[in-house]
Amino acid sequence: MEKIASFTVNHLKLEPGIYVSRKDKKDNVVVTSFDLRMTAPNKEPVMNTAEMHTIEHLGATFLRNEPKWKDDVVYFGPMGCRTGFYLVMFGDLSSADIAPLIKKMYEFIKDYEGDIPGAAAKDCGNYLDQNLGMAKYLAERYLDKTLNCLDDAHMHYAD
């Protein structure tokens, strides 16, 4: 079997950032998958599922309500390794194109107060597994250590 693209990235060199994971094209439609890497794989602790679940709920809610981008969002969700999230969008996009959107999303998460959208038994299959406090902490950490000082090296995978 052929190794999939995300398993060809050197995770020993990977640092937090916003990366284009892949681009797929069918007919005239381009779909860009982004790697929103929040922690350094195999160097830092992974995130727990409760805070990732909260980031997923808040991030998806933000993205699907953001006036400029909402129609371009295909999917936002956690990586199985728990070091970040995937964002899949329509369009031939770069990391620089979406960096302001991602920064706004994490500012939204960092500042969020109130009930977590969709965190009810009728809306979610695991609604009790949430941690707003840690989600806010991790969003602020990603903003401070990565998004507010994002450079080219953290928008393109290292060789």
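Provided above is the structure to which this section pertains.
Residues numbered from 1 in each chain as written. Predicted model: local features only at pLDDT ≥ 70, side-chain atom pairs only at ≥ 80, totals over all residues. Heavy atoms only, no water.

Looking now at the overall build of the protein chain. Check the secondary structure of the protein chain and you find 3 helices and 4 strands. Listed N to C, the secondary structure of the protein chain is β-β-α-β-β-α-α in terms of helices and strands. Taking 159 residues into account, the globule formula puts the C-alpha radius of gyration at 15 Å, and the protein chain, at 15 Å, falls close to it. In terms of overall dimensions, the protein chain has a C-alpha envelope of 40 × 40 × 35 Å along the principal axes. (Helix = DSSP H or I, 4+ residues; strand = E, 2+ residues; numbered from the N terminus. Rg over C-alpha atoms; globule rule 2.2 N^0.38 Å.)

Residue placement: Asn 42 occurs in the loop between strand 2 (29-37) and helix 1 (49-63). Among residues more than four places away in sequence, those in contact with Asn 42 are His 11 and Leu 12. (Contact = heavy atoms within 4.5 Å.)

One finds Leu 36, Leu 87, Ile 102 and Tyr 106 to be the most contacted residues of the largest nonpolar core, which totals 33 residues. With 7 residues, helix 2 (residues 95-111) is the largest single contributor of residues to this core. With near-sequence residues (within four places) excluded, Leu 87 lies in contact with Thr 32, Ser 33, Phe 34, Leu 36, Leu 63, Val 73, Tyr 75, Phe 76, Ile 98 and Ile 102. (Core = buried A, V, L, I, M, F, W, Y, C linked by side-chain atoms within 4.5 Å. Buried < 20%, exposed > 50% of the residue type's maximum accessible area, 1.4 Å probe, protein only.)

Below, the discussion takes up the packing of helix 2 against helix 3 (residues 132-145). As a packed pair, helix 2 and helix 3 sit with axes 7 Å apart at the nearest point and diverge in direction by 145 degrees. Judged by the twist between their axes, the crossing of helix 2 over helix 3 is left-handed. Within the contact between the two elements, helix 2 uses Ile 102, Lys 103, Tyr 106, Glu 107, Ile 109, Lys 110 and Asp 111 and helix 3 uses Ala 135, Lys 136, Ala 139, Glu 140, Tyr 142 and Leu 143. Tallied by class, residues from the contact of helix 2 with helix 3 come to 7 nonpolar, no polar and 6 charged. (Axes fitted to C-alpha atoms, helices over the stretch in contact; angles between N-to-C directions. Left-handed = near helix turned anticlockwise from the far one by under 90°. Nonpolar A, V, L, I, M, F, W, Y, C, P; charged D, E, K, R; others polar.)

The next subject is the packing of helix 1 against helix 3. Packing of helix 1 against helix 3 leaves a shortest axis separation of 8 Å and a crossing angle of 75 degrees. Classified by the angle their axes make, helix 1 and helix 3 are roughly perpendicular. Only Leu 132, Met 134, Ala 135 and Leu 138 of helix 3 make contact with helix 1, whose side of the interface consists of Glu 51, Thr 54, Ile 55 and Leu 58. Tallied by class, the residues present in the contact of helix 1 with helix 3 amount to 6 nonpolar, 1 polar and 1 charged. (Parallel < 35°, antiparallel > 145°, perpendicular 65-115°, else oblique.)

One pass over the full model with this rule turns up 8 salt bridges. With its nearest N and O atoms 2.5 Å apart, the salt bridge here joins Asp 92 to Lys 23. Note that Asp 92 is positioned in the loop between strand 4 (84-90) and helix 2 and Lys 23 in strand 1 (residues 17-26), a separation of 69 residues in sequence. Asp 92 sits in the exposed class, given a relative accessible area of 54%. For Lys 23, a relative accessible area of 40% corresponds to the partly exposed category. (Salt bridge = Lys/Arg side-chain N within 4 Å of Asp/Glu carboxyl O.)

Remember that the coordinates give geometry; whether it matters functionally is a separate question.
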